[in-house]
Amino acid sequence: METTQKKLCRLFCLSGIIGVIFYVLHDVIGAMNYPGYKWMSQAVSDLTATDSPSYTVATGLSNVFGIMSICCCLFVCVLVTNKHIVTRIGVALYTLMESISGIGYAIFPLSSKGYDGSFQSLMHVYVITSAVVALSIISLILISIGSFKDKRKTLGVLAIVALVLMFVGTVGAGAAPKAVFGIFERFSTYSAVVFTAILGVFHSVEK
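None of the values given here were measured: they were computed from a predicted structure.

A. Representation of the nonpolar core in the model. Formed by 25 residues in total, the largest nonpolar core has its most connected members in V76, Y94, L140, I143, F195 and L199. In terms of residue count, the dominant contributor to this core is helix α5 (residues 119-149) (6 residues).

See below:
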């Protein structure tokens, strides 16, 4: 019979779903507060640029998303202690990625000009983003491998799908016309956002 603590861990894993809701809200409501914003051609990060008209509302919603995502991953870490070591390492690195992303981007946001040579933009583009990308790739690969070893093929396949969507988004954003840049950029951002919720739900219902 499960302990009360474990039941609470499973319940808190559902915070990933709340995270998805707030991320979508930050995208939708942020755009509503940004006159002239074109989601098909502009990045999601434009909504939280320090000099954007949507900065205050979009940043507030984005911060809630970050907190919920980190919370979800932390409780998943607790629930995978009996899984294969590859799974545990993968989840731990994924949690680290979410923490760096949620905290780092909140501390070092960009302006609408993007990289301008300042310390703030240097941290955002070259330190935080590089760490988030590297940890995302490594952690998803490990979670996929570990999931197959734990005979949880569904989660393993979904981790691969999330990784593929990240690559599609990254390559597409760089190669596609500017008119559809925002669409491909969202492949990358939403794949991680949704996978965090999937990770939480999977461990919330798994016995």
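Once the structure has been displayed, the description carries forward.
B. Main features of a nonpolar patch on the surface. A surface patch of nonpolar side chains, amounting to about 720 Å² of accessible area, comprises L8, L11, F12, L14, I17, I21, L25, V201 and V205. Along the polypeptide, F12 turns up in helix α1 (residues 4-13).

C. Seen up close, the confidence of the model for the protein chain. Here the protein chain averages 92 in pLDDT, while 97% of its residues score no lower than 70. Per-element mean pLDDT across the protein chain ranges from 89 in α1 up to 97 in helix α2 (residues 15-32).

D. Broad picture of the packing of aromatic side chains. On inspection of all chains with the given rule, the structure shows 7 aromatic pairs. Judged by centre distance (4.9 Å) and plane angle (20°), the rings of F12 and F75 are stacked. Separated by 63 residues along the polypeptide, F12 in helix α1 and F75 in helix α3 (residues 55-79) bring together distant segments of the chain. Overall, the relative accessible area of 39% leaves F12 in the partly exposed class. For F75, a relative accessible area of 23% gives the class partly exposed. Centre to centre, the rings of Y23 and F65 are 4.8 Å apart; their planes meet at 65°, and the pair counts as edge-to-face. With Y23 in helix α2 and F65 in helix α3, this residue pair connects regions lying 42 residues apart in the sequence. Neither residue differs from the other here; Y23 and F65 are each classed as buried.

E. Looking closely at helix α4 (residues 85-107). Relative to the 33 Å expected for 23 residues at 1.5 Å per residue, α4 spans 32 Å between its end C-alpha atoms, a close match to the ideal helical length. Listed in full, the buried residues belonging to α4 are V86, T87, G90, V91, Y94, T95, M97, E98, S99, S101 and G104. Lining the buried residues of α4 we find α3, α5 and α7 (181-205).

F. Representation of unusual backbone geometry in the model. Residues other than glycine seldom take positive phi values, yet K151 does so here, at roughly 60°. Here K151 shows up in the loop between α5 and α6 (153-175).

G. The layout of surface pockets, seen in detail. Considering only enclosed or pocket space, the largest pocket measures out at about 1,300 Å³ in volume. Around the largest pocket sit 45 residues that line it, and S45, Y105, T129, E185 and T189 are the ones nearest its centre. Elements with a contribution of two residues or more to the lining of the largest pocket: α2, α3, α4, α5, α6 and α7.

What counts, and where the lines are drawn
- Residues numbered from 1 in each chain as written.
- Predicted model: local features only at pLDDT ≥ 70, side-chain atom pairs only at ≥ 80, totals over all residues.
- Heavy atoms only, no water.
- Core = buried A, V, L, I, M, F, W, Y, C linked by side-chain atoms within 4.5 Å.
- Buried < 20%, exposed > 50% of the residue type's maximum accessible area, 1.4 Å probe, protein only.
- Helix = DSSP H or I, 4+ residues; strand = E, 2+ residues; numbered from the N terminus.
- Patch = residues over 30% accessible without salt bridge, like charges linked within 9 Å, V, L, I, M, F, W, Y side chains within 5 Å.
- Areas by Shrake-Rupley, 256 points an atom, 1.4 Å probe, with all protein chains shown as cover.
- Salt bridge = Lys/Arg side-chain N within 4 Å of Asp/Glu carboxyl O.
- pLDDT = per-residue confidence, 0-100.
- Phe/Tyr/Trp six-rings, centres within 6.5 Å; stacked < 30°, edge-to-face > 60°.
- Expected span 1.5 Å × (residues − 1).
- Contact = heavy atoms within 4.5 Å.
- 1 Å grid on protein atoms, 1.4 Å probe; cavity = no way out; pocket = protein on both sides within 12 Å on 5 of 7 lines; lining within 4 Å.
- Points joined across faces, edges and corners; volume = space filled by probe spheres on them.

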